[in-house]
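Residue strings, one per chain:
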4 protein chains.
Amino acid sequence: MIVVLKKGTTKEQAEQLSLKLQDKYSVTVNSWYGELSTVLGLLGDTHKVDIDSVLAWDIVDNVKRVQEPYKKVNRAFHTENTIITLENGLKIGDGSLNIIAGPCSVEGEEQIIEIAKKVKQSGATMLRGGAFKPRTSPYAFQGLHADGIDLLLKAKAETGLPIVTEIMSAEHIDLFENVDIIQVGARNMQNFELLKRLGKLNKPILLKRGLANTIEETLMSAEYIMSEGNEQVILCERGIRTYETYTRNTLDLSAVAIFKKLSHLPVIVDPSHAAGIPWLIEPLSVASLGVGVDGLIIEVHNDPPHALSDGAQSITPEKFDATAKRIFAAKAALDAALK
Amino acid sequence: MIVVLKKGTTKEQAEQLSLKLQDKYSVTVNSWYGELSTVLGLLGDTHKVDIDSVLAWDIVDNVKRVQEPYKKVNRAFHTENTIITLENGLKIGDGSLNIIAGPCSVEGEEQIIEIAKKVKQSGATMLRGGAFKPRTSPYAFQGLHADGIDLLLKAKAETGLPIVTEIMSAEHIDLFENVDIIQVGARNMQNFELLKRLGKLNKPILLKRGLANTIEETLMSAEYIMSEGNEQVILCERGIRTYETYTRNTLDLSAVAIFKKLSHLPVIVDPSHAAGIPWLIEPLSVASLGVGVDGLIIEVHNDPPHALSDGAQSITPEKFDATAKRIFAAKAALDAALK
Amino acid sequence: MIVVLKKGTTKEQAEQLSLKLQDKYSVTVNSWYGELSTVLGLLGDTHKVDIDSVLAWDIVDNVKRVQEPYKKVNRAFHTENTIITLENGLKIGDGSLNIIAGPCSVEGEEQIIEIAKKVKQSGATMLRGGAFKPRTSPYAFQGLHADGIDLLLKAKAETGLPIVTEIMSAEHIDLFENVDIIQVGARNMQNFELLKRLGKLNKPILLKRGLANTIEETLMSAEYIMSEGNEQVILCERGIRTYETYTRNTLDLSAVAIFKKLSHLPVIVDPSHAAGIPWLIEPLSVASLGVGVDGLIIEVHNDPPHALSDGAQSITPEKFDATAKRIFAAKAALDAALK
Amino acid sequence: MIVVLKKGTTKEQAEQLSLKLQDKYSVTVNSWYGELSTVLGLLGDTHKVDIDSVLAWDIVDNVKRVQEPYKKVNRAFHTENTIITLENGLKIGDGSLNIIAGPCSVEGEEQIIEIAKKVKQSGATMLRGGAFKPRTSPYAFQGLHADGIDLLLKAKAETGLPIVTEIMSAEHIDLFENVDIIQVGARNMQNFELLKRLGKLNKPILLKRGLANTIEETLMSAEYIMSEGNEQVILCERGIRTYETYTRNTLDLSAVAIFKKLSHLPVIVDPSHAAGIPWLIEPLSVASLGVGVDGLIIEVHNDPPHALSDGAQSITPEKFDATAKRIFAAKAALDAALK
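Below is a short write-up of the structure. Keep in mind that this is a model prediction, so the values were computed, not measured. (Residues numbered from 1 in each chain as written. Chains lettered and ligands numbered in written order. Predicted model: local features only at pLDDT ≥ 70, side-chain atom pairs only at ≥ 80, totals over all residues. Heavy atoms only, no water.)

### Focus on unusual backbone geometry
Then, in step 1: Despite not being glycine, Ser26(B) has its phi angle at roughly 50 degrees, a positive value.
Then, in step 2: One can find Ser26(B) in the loop between helix H1 (11-25) and strand E2 (28-33).
Then, in step 3: Looking at Ser26(B), the relative accessible area reads 65%, which means it is exposed.
Then, in step 4: The phi dihedral of His145(D) is positive, around 55 degrees, even though this residue is not glycine.
Then, in step 5: Among the structural elements, His145(D) can be located in the loop between strand E8 (126-128) and helix H4 (146-159). (Helix = DSSP H or I, 4+ residues; strand = E, 2+ residues; numbered from the N terminus. Buried < 20%, exposed > 50% of the residue type's maximum accessible area, 1.4 Å probe, protein only.)

Okay, structure coming up:
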C-alpha cells in the first residue's frame, strides 16, 4: 500500500504516521522523501488496513492499494480451481458446463415437477426456482416461501436434480437445510449479516454480483462468506446497471474472465436476468463459453405469460431444449478447438 | 398502462389478451387498432399490474406505464407534506432544517457523549452513530452492536438529542426499541424482508437511496414500508454510483426536488457519504437547501484519523460548528429571500 | 407514437393538439379518452416526429415511441444483411470473420510494414493504424497525420492488406482518398458534421459506438451517414463507460446481437480498447463469436513498451499469431456446431 | 507518479526501466525494493508521462499518478481566479452571477430579438441561441447555420447583449468572428481537432463537460485549448449520463465545487439540459449557487411547443422573469449570509 502525503508535510509528521501505521497494522513502513511529495510504502499483510482511516490523517493526500484486499478468495494464495461437489456427485468448476434451469418462482407442485422433468431431459444438471422473491413492488407476487421450498424438494425427489433457491433473510436459514445450493441475490450481495451467517454453513453458496457492485466488491462479499469458514462459493455474473436501457442490465462478460483469474472460485452466468430478453439467452450463453464460464442459470417456465414473476425473460421447456442442445454443442466444439 | 402489440397480431389474439387483463387485474381495457400496431390501454388502478407478466405474452411488443406504480407514497393521493414528530416534539418535514450529526461508528462512551454534547451546542437536532456497520471488508471494524446502541441511549439521556442508527438485519429489531429513528442503509434499500418488518413498527424510518437505485425504486421501497402500515418514512439522498471517480458517489440533487414533488415524505441529504470528501460537506449542504431539503446528516468525529470507520469523510466538532453556523445562516437567508 | 396527456386536459385541448400533429408530421392521430388520462396514438411514419417539441406542449405528460426513429439502418425495411465488398474483393458481413490488426499509432515505415507482414501471415485480413490520434492529453503523441496515412498506403502496397484508419475532422477528408475503410472513433460518434460529410463518400465507414452512447444513438449516427447516401456502414462495439474500474470500459456483447437484430449492418468488436488488458483479448474475441460478430479489430505492436500510444493494450505479433489461430479455430468449430 | 512492478521482477529489470523513464521523460526515479513488490517513484514534471506506455512494460503491474496531468488549468500553478472580460465590459468569474438566456435554436429574426429584449429586461447578461444544432436524428431541425449567427448579431446590435453560440466544426470558425463566446457542446468535448483550433483564437470558449466525461477529462480538454495559447476558458457542468432515467441527465453539482478548487477557471451550470424538466430549472439554479457557480445558462423560448428543438426543456420569457428574480434574490441573500 502506497500512502502519498500532502505537499508541505514535515519529516516529523511523516515519521509519526509511519510509527502509528506500523503499530496498528503490524506492517513495515518505508518512507521516501521526494521533492514534491513524501510517499510511505506499507509492506507485509496489508489486507486489513482500513484506507478510510489512513485517509483521515490531515497530512495524507491519497492512498493506493498494491495488494488485493481479499485473501481467502485470492488465487495468489490458492492456485488450483475450487471444485464443488454436490451430494449427488455433481461437480461445479471442473471444466464441465452445468446448466441450472427452472422457473423464476415456484408456483405449484405440478408446475415445478413438470418443468424439472423437462429441463432434466434437456440436459440441465440442477433445478432452480424461487420460493422467496425479491420484488421491487410490495404488490407483486412474493413467492410461496416455505411451501415453495417443499415443492422444490418434491421435484428433487422426483427427478434427482439438486436444487438452487434464493434466501432473503438469515431468519429463514433453517428452511434451507435440504437445499443443495443457496443463492444470494444481487440485491443482497452486500447484506453482510446474511453473508456471515451463510459463512457458518457447510453448503455451497451461489453469490450473485450486485447490480452496481464492482468486481472487487463481489470478491469481498465472497471473502465475507469464506472468512467465516465456508469455502464453497460460486460467483455469478448477472449483468450490471448502466445507462443503456434496451437491455434490463448490461452483461459484463469481462468480469467472468477476471473472476476466474483473480479468484479460484467457479463462475456462472445468468443470461436471463442479464438481458431480460428471451432471444438473447442463447447468444449470451454461447458467448459466456468464450470467457470460461462453469455454468449457466436459465429461466424456464412452462407458461411464460402466466408466470407469477418475470415471465418476460423466461423461455418454454421446448425452447430451452433447443437452446440447451446448441449450448452444449458449442461447448463441446470450443473445448475441442481450444484445448 | 399502454400495451403495444406486435405487428401481425390478430384482432382475436388482442381480444383474448384484453379479457385476461380485465379479469386478472380488474381493470378496463380499451383497444385501438392501428395500421402498424395494435395498442391496448388499461384503465383503473394499474399499480398492481405486473409488467413482466404482461410482457411474457408472445404478442406483446412492449408495455409503458402511465401511472406511477406506488400509491401510499404518492403525492397525488396525499397532497400535504408528511410531518414526522419525534418523542421530544422535534418535527421533520415542517419546513425547518434538521441537522443530524455524529460519528460514523459509536466507539466508546466518552467519544459519543463528547460528540453529542458538542454537536448539540452547534445546533444539531439529532445524534447519529453506527452500532451495526456495513463494511465492504470482513476485516474492517463491524461496530459495537448492542453495546453501541446502549451508548447512543446514554448520549441521548445526557443531551436530550433523539438518536438515529442503522439496522442491518430484522433479527436485531428488538435492540432498536428505544431508538428514535431507524436507518436503512443504501445497501439494504432493497432488502425487502427488512422493509416489511420495519413497516410493522410505529417508528420513523430513514430510508437511504441505494447506490444504484432509481428514484422510482426508492419510492417503491418506501411503499414497502408504508404498505405494511408504518407511514413515518424519511427519504435520504446520499449519492449514486456513476463512472466519476473523483468523488465516492455522485450526489443527485435533482432527486431531492423530485422526491418532494412525487411524494409527500420528508427528504434529507447525506453530504458526507455522497462525496466522501470533508471540504465538500459545506457547499453540498448549502446546495441542498436550494432543492428544498428537510435535513442533513453529517459525519462528525472528535479524532478523524483514529476513527474506526470512515474517518476520511468526517469533520471535527470544531469544523462542524463553523459549517453548521454557515448552513443555518444560508437556510435563514434563502427562506427570507424566496418566501 | 403514444402521447399521454395530463390529467385535466379537456377534449378541446386534446383535439387542438391532434390537429397540429396531423398537420405538422403528416400522421394520423387516434384519440382515446380514459378516466385518468387521455392518450393520443400517432400512426404512419413517425420517425421524423420530434419528441421534445411534442413534450413542450403544456398538456403533454409524456411521449413513448412505438416505432424506431431510424429507417435506412432498420432491418424492418431491409431484411437481408448488408455485405460490404472492398476493392480487393474482401467481404465484410457475409458470415466470415475478418480480423483487422495493427498498431494503435503508425510510428514509422519499418514498424508498420513489419507489423503488416506479420499480421497478414497470422490471418489478419486488414491493417489498422492510427495517423490522427485522439488523446486525452494535449501533451501525448498525436499521430503522424498525413505521413501516417502515406506509411499505411506503403504497407498496403507491400502486403495487399486493405487499410483502416481514423478520421478526426472533416477538414482532413481528402487525405483519406485511398484509405479502404474510414474509422469514426468513439469520441466523434456524435460529431454530426463529420458524419454528414462521410455520408457523401462512396467508401465504407467503421463507426465506433461512443463510450456513453446507447444502442439507439449508435444506430441514429449510422442513419446520419446513410441518410446522405453512403450505405456502407460497419458498426463497432468497443466497450461502454460504467462504474467498473478494473477494465477500461465494459464490453457490451448484448449490443452486438442487438445491432445485428435491429439493423442489417455488419458489426465488429474491438476487444483491445474494450478492456484495455492484453490477456482479455482472446477470451473476449471468442465470446464475441457467440453473439455473431463479423469481425474483430485488435491492436498489435512489435514493441509494446515503446509504442507511442496505447502500448498497454497491445500484444506482440507473436502473441497475436497464437491468439488469431485460436480465434479462427473457435470460429470454425462454432460455425460447424451451430450451423 | 508511482510505478508498481510485478512480483518476481529482478533488480536489473527495475533498473533498466528506471533508466528508460529518466531518459525519456527527464524525471528523477527513486526505487524502493519491497518484499512483495518493487515500486518506482517518478519525481519532477510528470504531466507528460504517458501512463499507457509505462503500463506496456511486461514488468509493470500498475501506475498511479500523484500529480494532476494538467498544468495550465491547474490552480496549483495559478492561484487567483481567472476573470474573463467581454467587449462590453461584462465580467465572468469575478464573484457575480451571469445568466445567459435564450432559445435552444435561433428560428427567426422576430423570435430572437423578442426573446433577447425580454431576457435582458429580466436580468440576463448574455444571449444564447443555437445556429448549429447537434441533433441525435438526421431528420430533426439542424439549425439556421450562418443565418442563425447573423440573427444573433442583429439581436446583439438591438440589445447590447453579448452572444454565446455553439460551434460544431472547425470549418465554420470564420463565421464566429463576431460571436462573444464560442460554445463547445458536450458531444464535442473531446473533439480535439476543434479544441486545438479554438486554442489559437483570442476569444472566450465555453466548454461543456461531455455527458460521460470525468472531471479530469474535462480539465484536460480545457488544457488542450489553453496549451495552444487561449487562456479564456469557461467550464460548464450540464449533467452526466447515469442509470437514472427520470431526468435526462444527472446534474453533478459536486463537480462545480471541484472544478473551482482544482482549476482557476470560471464555472457555469446549465440547469435546462441537465434535467430536461422545466420546473427543475429554478431549484437546480438556486442549488448551484451553493457550490459557487459563476453563471447559469437557461433555455427560454417564447413559444415552447413550437420551438424547433428542445422545446420540452424551455421556459417562457414570463416564467424566466419570475425565475431569474428568485435566483438573483437567492444569490444576494447567500452572498450576504456567507460572506
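### Overview of the relation of the copies chain C and chain B
Then, in step 1: The two copies are related by a screw operation: chain C maps onto chain B through 180 degrees of rotation and 0.0 Å of translation along the axis, at an RMSD of 0.0 Å. The relationship between the two copies is best expressed as a two-fold rotation axis. Among all residues of chain C, the one whose C-alpha sits closest to the rotation axis is Tyr243(C), at a distance of 2.1 Å.
Then, in step 2: Comparing interface residues between copies, 95% of those in chain C also sit at the interface in chain B, which points to an isologous, same-surface contact. (Least-squares fit on C-alpha atoms with pLDDT ≥ 70 in both. Contact = heavy atoms within 4.5 Å.)

### A short note on the sheet that holds strand E1 (residues 2-5) of chain D
Residue and element names in this part refer to chain D.
Then, in step 1: The four strands lie next to each other as E2-E3-E1-E4, forming an open sheet whose pairing is antiparallel. A single partner strand is all that each edge strand has here, and the edge strands are strand E2 (28-33) and strand E4 (60-64). Within the sheet, the average angular offset between the axes of one strand and its neighbour, ignoring direction, is 20 degrees. (Pairing = 2+ DSSP bridges. Axes fitted to C-alpha atoms, helices over the stretch in contact; angles between N-to-C directions.)

### Describing the packing of helix H6 (residues 215-227) of chain D against helix H7 (residues 253-262) of chain D
Residues and elements named next belong to chain D.
Then, in step 1: Direction vectors running N to C along H6 and H7 enclose 50 degrees, while the axes themselves pass 11 Å from each other. Judged by the angle between their axes, H6 and H7 are oblique. The way H6 lies across H7 gives a crossing that is right-handed. For the pair formed by H6 and H7, the contact residues are Ile 215, Thr 218 and Leu 219 on the first element and Ala 255, Ile 258, Phe 259 and Leu 262 on the second. (Parallel < 35°, antiparallel > 145°, perpendicular 65-115°, else oblique. Left-handed = near helix turned anticlockwise from the far one by under 90°.)

### Re the side chain of Ser221(B)
Residues and elements named next belong to chain B.
Then, in step 1: Assignment of secondary structure puts Ser 221 in helix H6 (residues 215-227).
Then, in step 2: By relative accessible area, Ser 221 is classed as buried at 1%.
Then, in step 3: Those residues in contact with Ser 221, other than ones at most four positions away along the chain, are Met 189, Gln 190, Phe 192, Leu 195 and Leu 207.

### Considerations on the interface of chain B and chain A
Then, in step 1: Each partner contributes residues to the interface: chain B has 51 residues there, and chain A has 51 residues.
Then, in step 2: Overall, the association of chain B and chain A removes approximately 4400 Å² of surface from exposure, summing both partners, and the carbon and sulfur fraction of that is 52%.
Then, in step 3: Our count for the chain B to chain A interface comes out at eight salt bridges.
Then, in step 4: For the salt bridge of Arg241(B) with Glu217(A), the shortest nitrogen-to-oxygen distance reads 2.6 Å. (Buried area = accessible area lost by both parts, 1.4 Å probe. Salt bridge = Lys/Arg side-chain N within 4 Å of Asp/Glu carboxyl O.)

### Some words on the packing of aromatic side chains
Then, in step 1: A full pass over the atoms with the stated rule returns eight aromatic pairs over all chains.
Then, in step 2: Ring centres of Phe132(A) and Phe176(A) lie 6.1 Å apart, and the angle between their planes is 25 degrees; on these two criteria the pair is classed as stacked. Here Phe176(A) lies in the loop between strand E9 (163-167) and strand E10 (181-184) and Phe132(A) lies in the loop between strand E8 (126-128) and helix H4 (146-159), a separation of 44 residues in the sequence.
Then, in step 3: When the ring of Phe192(C) is compared with that of Tyr224(C), the centres are 4.6 Å apart and the planes differ by 20 degrees; the resulting orientation is stacked. Here Phe192(C), found in helix H5 (residues 192-198), pairs with Tyr224(C), found in helix H6 (residues 215-227); they are 32 residues apart in sequence, far enough to count as distant.
Then, in step 4: You can call Tyr224(C) buried: its relative accessible area is 1%.
Then, in step 5: A cation sits over an aromatic face here: Lys71(A) above Phe77(A), 5.9 Å from the ring centre. (Phe/Tyr/Trp six-rings, centres within 6.5 Å; stacked < 30°, edge-to-face > 60°. Lys NZ or Arg CZ within 6 Å of the ring centre and 35° of its normal.)

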